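Spelled out, the chains give:
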Amino acid sequence: MRNVNRTSLRTAVALAVLLFVGGCAWQRIPDAPEYTFEDPIPLKVGVILSEGQSSAAYGPQVISEWREMRLFKSLVYPYRHGDNVDAVMKLSITGKWEGAGVGAGLVTGLTLGLAGTAVGPSMTGNHDALAIIDKSTNELGRYSVHVTSAVEWGMAANSSDVAAKADTLQIKRIAFELAKKIRADMFKHEPTTADEPLEP
C-alpha cells in the first residue's frame with residue numbers, strides 16, 4: 001500500500017510539474033506586418049548605415065526586408081563611393097529593448113506559480129529610424145518613424161527564442177513603416193532613374 005501511495009504521489013508531483021512548466025511556457029508576441037507592395041520605386045539606391053549598435057544590428061536586415069518587398073528597383077549595400085546608383089540613402093536606427101522580468105518573476109514566485117499562466121517577464125522595444133535619400137546634390141526625401149513593440153512570455157519559455165522573435169518583429173515593423181512613407185512620397189513625385197531624362 002505504501003508503494004502504491006508513493007507511486008501515486010510521484011505521479012501527481014510529476015503531473016503538477018508538467019502542468020506548471022507547460023502553463024508557464026507561453027509567449028505573447030504581436031504579428032509582424034504583411035507586405036503587399038508590388039511595383040518597385042524605379043531607382044537603384046545605395047545604402048549607407050550610420051554608426052551605432054542598433055543600426056549595425058537592425059540595418060542590414062531592414063535592407064533585406066526592403067529587397068523582399070521590392071521597395072526599390074535595386075538596393076546596393078554596402079554602398080561605396082563611386083558605385084553606379086541613382087540615389088544614396090543614409091539609414092540610421094537608434095533605440096533599445098527594456099525589460100521588466102524581475103518584478104514579474106517575483107509575482108509568480110509569491111503566488112507559488114499559480115499566476116504563471118497570466119503573469120510573466122515582458123519587454124518593450126522603442127526604436128527610431130531615419131532615412132535620408134539624396135540624388136546628386138539634391139535631397140529627395142527625409143523619412144522618420146518611431147516603432148514601439150511589446151512582448152511577454154511565461155517563466156518557462158525559451159528566452160532566446162522570444163528575443164529572436166522580438167528582434168524579427170521590430171525589424172519588419174521598421175522596414176514596413178519606413179517603406180510606407182518612402183513609397184507614398186516617391187510615387188507622388190514620380191522619381192526617375194539617372195538614365196531616364198525628365199520629360200518637359
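Preceding this section is the structure that the text describes.
The structure reproduced in this document is the subject of the present report.

Calculation rules
Residues numbered from 1 in each chain as written. Predicted model: local features only at pLDDT ≥ 70, side-chain atom pairs only at ≥ 80, totals over all residues. Heavy atoms only, no water. Core = buried A, V, L, I, M, F, W, Y, C linked by side-chain atoms within 4.5 Å. Buried < 20%, exposed > 50% of the residue type's maximum accessible area, 1.4 Å probe, protein only. Helix = DSSP H or I, 4+ residues; strand = E, 2+ residues; numbered from the N terminus. Contact = heavy atoms within 4.5 Å. Salt bridge = Lys/Arg side-chain N within 4 Å of Asp/Glu carboxyl O.

Looking at the nonpolar core
In step 1: Of all hydrophobic cores here, the largest spans 30 residues; its most connected members are Trp-66, Phe-72, Met-89, Leu-91, Leu-178 and Ile-182.
In step 2: At the level of elements, β2 (41-49), α2 (53-69), β3 (72-76), β4 (87-99), β5 (122-135), β6 (138-153) and α4 (159-189) are the ones that each hand at least two residues to this core.
In step 3: Excluding residues that lie within four positions of it along the chain, Met-89 makes contacts with Val-45, Gly-46, Val-47, Ile-48, Trp-66, Phe-72, Ala-131, Ile-132, Ile-133 and Ile-182.
In step 4: Counting residues in hydrophobic clusters, the runner-up holds seven residues, among them Val-151, Ala-157, Val-162 and Leu-169.

Some details on the environment of Met-155
In step 1: With respect to the helices and strands, the residue Met-155 is situated in the loop between β6 and α4.
In step 2: Through-space distance from the C-alpha of Met-155 to that of Cys-24 is 5.3 Å; in sequence the pair is 131 residues apart.

Structural notes on the pattern of salt bridges
When the charged atoms of two side chains with opposite charge come close together, those side chains can pair.
In step 1: On inspection of all chains with the given rule, the structure shows six salt bridges.
In step 2: Two residues, Asp-161 and Lys-165, come together in a salt bridge whose shortest N-O distance is 3.2 Å. Taken together, the positions of Asp-161 and Lys-165, both in helix α4 and four residues apart, correspond to about one turn of that helix.
In step 3: Residue Asp-161 is classed as partly exposed on the basis of its relative accessible area of 29%.
In step 4: Glu-177 serves as the salt-bridge partner of Lys-180, at 3.5 Å between the closest nitrogen and oxygen.

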